[in-house]
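Take a look at the letters that make up each chain.
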Amino acid sequence: MLMTETGDERLAAEQRARVLIDRQLADAGWAVQDRGALNLFVPQRGIAVREVIMKPGHGRVDYLLYVDKAVVGVIEPKPMGTPLSGVEWQSAMYANGLPDDVRRKALDSEGRLPFVFEASGTETHFANGFDPEPRARRIFAFPRPETLAATVRAAGEHQDQAPTWRGRVRVLPTLDAASLRPAQVEAITGIERSLVEQRYGRSLVQMATGAGKTYTAVTEAYRLLKWGGFKRVLFLVDRNNLADQAIGEFQNYRTPDDGRRFTELYNVTKLTRGGMPDSTRVAISTIQRVFKAIKNEGVPDTDDQGLDEFRPKEPVTVRYSSDLPPEAFDLVIVDEAHRSIYGVWRGVLEYFDAHIVGLTATPGKQTFGFFQQNLVSEYTYPQSVADGVNVDFDIYRIRTRITQQGETIKAGTYVPTVDRSTREEKLLRLDADLDYTPSQLDRAVTAKHQIRLVLETFRNQLFTEIFPGRRTVPKTLIFAKDDNHAEEIVQTVREVFGKGNDFAAKITYSVKDAKGHLKTFRTSPAMHVAVTVDMIATGTDVKPLECVFFMRDVRGGQYFEQMKGRGARTLDPADFRAVTDDAIAKTRFVIVDAIGVTEHDFVEPPLNRDKSISLKKLLDRAAALNLTESETATLASRLAALDRQLTPAERAELDEVAGVFDAEVSMHQVVQALVNAVDPDAQAAACATAPDRDPAEVVQELLDAATEPLAANPGLRTRIIELRRAKDQIIDEVSRDEVLDAYGVIDPDKAEHTITSWREYLAQHRSEISAIELMFEAKGRGICFEQIQELADRIARPPHNWTVDIIWSAYLSLEVEYRGRPENRDRHAATDLISLLRLEAGVDDALVPYAEQVEKRYENWLARQEQAGAVFTDSQRWWLDRMMRIIASSAGIDADDLDNAPFDERGGIDGALRDLGDGAGDLIEELNRELTA
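Residues numbered from 1 in each chain as written. Predicted model: local features only at pLDDT ≥ 70, side-chain atom pairs only at ≥ 80, totals over all residues. Heavy atoms only, no water.

**Observations regarding the side chain of threonine 360**
Assignment of secondary structure puts threonine 360 in strand β13 (residues 355-360). In this structure, threonine 360 is in contact with Leu204, Val205, Gln206, Met207, Lys213 and Glu336, ignoring residues within four places of it in sequence. (Helix = DSSP H or I, 4+ residues; strand = E, 2+ residues; numbered from the N terminus. Contact = heavy atoms within 4.5 Å.)

**Looking at the packing of helix α33 (residues 874-890) against helix α35 (residues 920-931)**
Look at α33 against α35: their axes get within 11 Å of each other, and the N-to-C directions meet at 45°. The angle between the axes of α33 and α35 places the two elements in the oblique class. For the crossing formed where α33 meets α35, the hand is right-handed. Contact residues: Leu880, Met883, Met884 and Ile887 in α33; Leu923, Ile924, Leu927, Asn928 and Leu931 in α35. Tallied by class, residues from the contact of α33 with α35 come to eight nonpolar, one polar and no charged. (Axes fitted to C-alpha atoms, helices over the stretch in contact; angles between N-to-C directions. Parallel < 35°, antiparallel > 145°, perpendicular 65-115°, else oblique. Left-handed = near helix turned anticlockwise from the far one by under 90°. Nonpolar A, V, L, I, M, F, W, Y, C, P; charged D, E, K, R; others polar.)

**Thoughts on the sheet that holds strand β22 (residues 529-532)**
Strand order in the open sheet made by the six strands is β15-β24-β23-β20-β22-β21, with parallel pairing throughout. Only two strands of the sheet have a single partner each, and these edge strands are β15 (392-397) and β21 (504-506). With strand direction ignored, the average angle separating the axes of adjacent strands in the sheet is 20°. Relative to β22, strand β20 (residues 476-479) runs parallel, the two being bridged by four bridges. From the neighbouring strand, phenylalanine 479 faces β22, where its bridge partner is threonine 532. Sitting on the sheet, helix α15 (residues 448-466) touches β15, β20, β23 (547-550) and β24 (588-593), and the angle it makes with β23 is about 150°. (Pairing = 2+ DSSP bridges.)

**Considering the pairing of β15**
Counting buried residues in β15 gives five out of six residues, a clear majority hidden from the surface. Looking at chain direction, β15 and β24 are connected through six bridges and run parallel. Along β24, the bridge assignment pairs phenylalanine 393 with phenylalanine 589. (Buried < 20%, exposed > 50% of the residue type's maximum accessible area, 1.4 Å probe, protein only.)

**Details of the sheet that holds strand β10 (residues 267-270)**
On the basis of which strands lie adjacent, the open sheet formed by seven strands has the order β10-β11-β9-β12-β13-β8-β14 and parallel pairing. Single-partner strands in this sheet number two, and they are β10 and β14 (375-379). On average, each strand axis in the sheet is tilted by 15° relative to the strand beside it, whichever way the strands run. Examined bridge by bridge, strand β9 (residues 233-236) and strand β11 (residues 280-285) share four bridges and lie parallel to one another. Residue valine 233 lies in a different strand from β11, and its bridge partner there is valine 282. Strands β8 (202-207), β13 and β14 of the sheet are contacted by helix α5 (residues 182-197), whose axis makes an angle of about 170° with β14. Across the sheet, helix α7 (residues 240-252) lies against β9, β10 and β11, angled at about 170° from β10, the strand it touches most.

**Some details on the confidence of the model for the protein**
A low pLDDT means the predicted coordinates there should not be read in detail. Of all residues in the protein, 91% have pLDDT values of 70 or greater, and the mean over the chain is 85. Within the model, the stretch residues 1-8 combines pLDDT values under 50 with 15 contacts to residues more than four positions away or in other chains. Residue range residues 729-746 is modelled with pLDDT below 50. Its contacts to residues more than four positions away, or to other chains, number one contact. (pLDDT = per-residue confidence, 0-100.)

Set out below in structure tokens:
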């Protein structure tokens with residue numbers, strides 16, 4: 001706190017401190033009185049009484065504190081510069097020394113005055129006796145009387161729970177992890193562990209961009225507000241437009257206990273002034289706006305580039321505000337507001353008597369220092385790629401001569417100049433040669449051909465090298481140096497691609513309705529390119545983004561990672577295709593570097609480091625334990641990208657095959673292990689445990705261990721390749737074909753080869769595909785539709801590409817007898833695979849459509865029922881006939897099917913019980929047993 005001159009240099013040092021303390025108490029709403037002039041009926045709720053004599057042996061306390069006419073605490077003043085921790089024994093003696101005849105008093109559980117302060121006028125320490133482990137901490141200023149009164153009231157009214165959040169956080173309910181990712185669970189658990197232990201006043205969470213930092217913060221805020229004793233949360237964002245996005249996160253958050261929205265329970269608003277309504281439980285702001293609020297200045301609600309981009313040259317000085325006192329917030333969450341916030345803005349954060357939680361993807365040394373090295377959880381970008389939270393990236397570099405070397409314009413040349421503020425152009429004759437360097441490009445000088453050449457190169461290589469085979473320009477975000485540079489780029493993009501205004505737009509603070517433009521960029525298939533400076537650099541989600549284009553340099557690793565992260569988001573394939581029509585699934589994004597930003601040391605390489613090696617070759621090298629570190633990272637990237645394209649059924653099947661080697665292993669864990677093996681921190685930790693060994697050997701052991709689930713499981717490697725081939729299809733748009741012949745012929749040699757291969761396949765996979773094993777071992781008993789579908793999916797993959805029709809037709813061409821209705825000879829369903837299996841297993845000696853077999857068995861069953869005296873009503877036959885048809889098409893039926901069509905029109909399960917009686921379940925079991933294979 002800034003010290004001002006008292007005007008009386010002759011006062012003793014301690015007396016000068018008391019003058020400052022008196023002023024600080026008055027600022028905080030306390031009445032300061034001499035003992036002889038005690039008046040408990042002044043308007044203020046808090047009174048600080050000087051020089052009060054305590055009980056014998058406890059001396060005279062300098063300040064005795066009253067709140068609502070009851071004694072609650074003491075202040076021990078010391079001269080400026082006195083280490084206050086050394087006088088805590090003295091203030092503790094006063095806290096224990098209240099005379100017994102004082103009737104109106106508030107005491108902690110040990111019988112002491114609960115609120116104990118030490119102060120020097122420039123420093124204030126405070127210990128709260130209601131905390132579970134009372135410990136002095138430095139605070140900016142004395143709390144207001146109302147704050148202490150609330151704590152006293154909580155201690156008296158709710159004796160079954162701790163009166164302060166430091167006690168309440170020890171008994172938080174178990175975290176409901178149902179809607180959370182593992183990294184989010186780890187982050188919340190780490191924050192709460194730090195709050196309980198109270199070893200640090202700050203907690204840092206490192207979480208990769210796109211991994212759900214804001215959702216994590218909202219979940220934590222809800223838990224602490226509802227159960228943790230926290231009264232109010234300050235949520236800091238990097239820019240004002242991100243405050244709207246954060247409010248949306250709070251509005252959309254459904255509480256895990258009763259399903260209501262967060263904002264139905266707690267008021268969430270932007271911070272617009274110091275004196276917030278009491279109902280505000282979450283205030284959202286930027287650090288610049290908080291500083292204005294502390295200074296009691298109005299805070300605009302709208303975007304203000306001058307305010308939100310303001311960076312002071314020197315650390316700010318913060319003064320006490322009665323409208324926004326230090327105890328206004330119990331928790332400050334800093335969501336990616338990393339740029340200079342822990343340097344020049346540090347005083348604003350340290351103003352509040354609150355636990356500070358930092359959420360960032362890219363902590364720097366200054367960030368770690370501010371948070372006292374208390375990293376409570378860590379989730380890196382490669383880990384997020386392995387988990388399918390983010391996609392990996394590639395780098396495409398464009399170099400031009402002017403970008404690398406600059407240029408010289410000769411004297412006497414007439415050059416256009418542009419007034420930055422008015423955009424007015426005029427011609428200027430150069431009196432001397434103009435040499436400009438690459439760093440001056442697009443700031444002091446705009447080289448129009450350089451901009452056009454970079455963008456033309458991008459256009460020319462877009463569908464051949466950057467996104468081969470595509471035809472639609474992917475969502476592309478271009479970072480420009482300033483607003484004028486952005487203007488030039490937008491105009492050139494439209495010209496280079498020959499498109500109109502809707503194709504590309506500038507989204508900067510100077511643009512009218514920038515938020516509307518941003519929404520259009522997210523959701524419209526018409527807008528393909530957005531050009532920005534800083535507005536979309538951090539925190540703003542544009543999930544369909546596939547190209548992050550740097551036409552400006554970035555000197556800091558933290559900021560670069562944030563800008564890069566705009567392209568990292570994953571999204572549902574259907575949503576992706578809605579805005580990029582020729583896309584299938586987002587499996588990667590590309591950094592287009594036209595300035596050299598990716599050549600800085602702080603840029604980490606992508607996982608996909610070796611693009612020249614095929615997935616099959618990587619898996620072959622894995623089988624031989626010959627993968628290098630670079631190849632291991634590349635394999636992890638390829639497998640993560642494949643996972644983004646798989647259907648849930650295909651993903652589950654891969655997990656099942658992966659479990660053959662180890663029942664506990666899933667594909668997700670395989671990819672995670674590969675990523676962890678190339679993680680520098682994991683490698684360093686492994687080397688540290690074996691200091692006498694060659695580090696290269698230790699790292700190689702990590703790589704081999706991560707590769708083992710693939711090396712030891714040939715079936716898994718084969719299945720991965722099959723799925724990869726099924727997802728990739730080359731489209732030849734170049735070669736021109738011609739008709740040589742057209743006629744219908746069944747090739748007996750091809751049919752014989754098909755049946756031979758089919759029989760070999762059944763023998764080879766008999767033990768691993770359930771449908772085959774059940775047919776040969778149990779003559780088909782127990783085969784369900786899922787098992788038949790699994791077999792159908794498997795045989796449909798390369799290299800066989802079989803369908804039921806192909807195999808069935810091959811048998812017919814070899815003149816295998818067909819016993820079925822003529823109209824069904826060439827009409828097949830998936831369940832006809834059962835008929836094909838029955839033929840090969842020797843159960844049948846001819847081809848019979850499965851549905852016809854079920855119908856025949858049903859007729860026989862009805863005849864046996866009639867012979868046994870059973871009579872079915874028309875209503876009962878309605879149910880039985882339709883159950884038979886479901887079995888014919890699905891190889892079985894269960895009770896849940898009765899709630900679907902056609903049964904739901906007659907009441908579903910309840911209708912079956914009504915018409916078939918209590919024996920409905922037994923009938924279902926009997927039909928399954930009698931009618932299936």
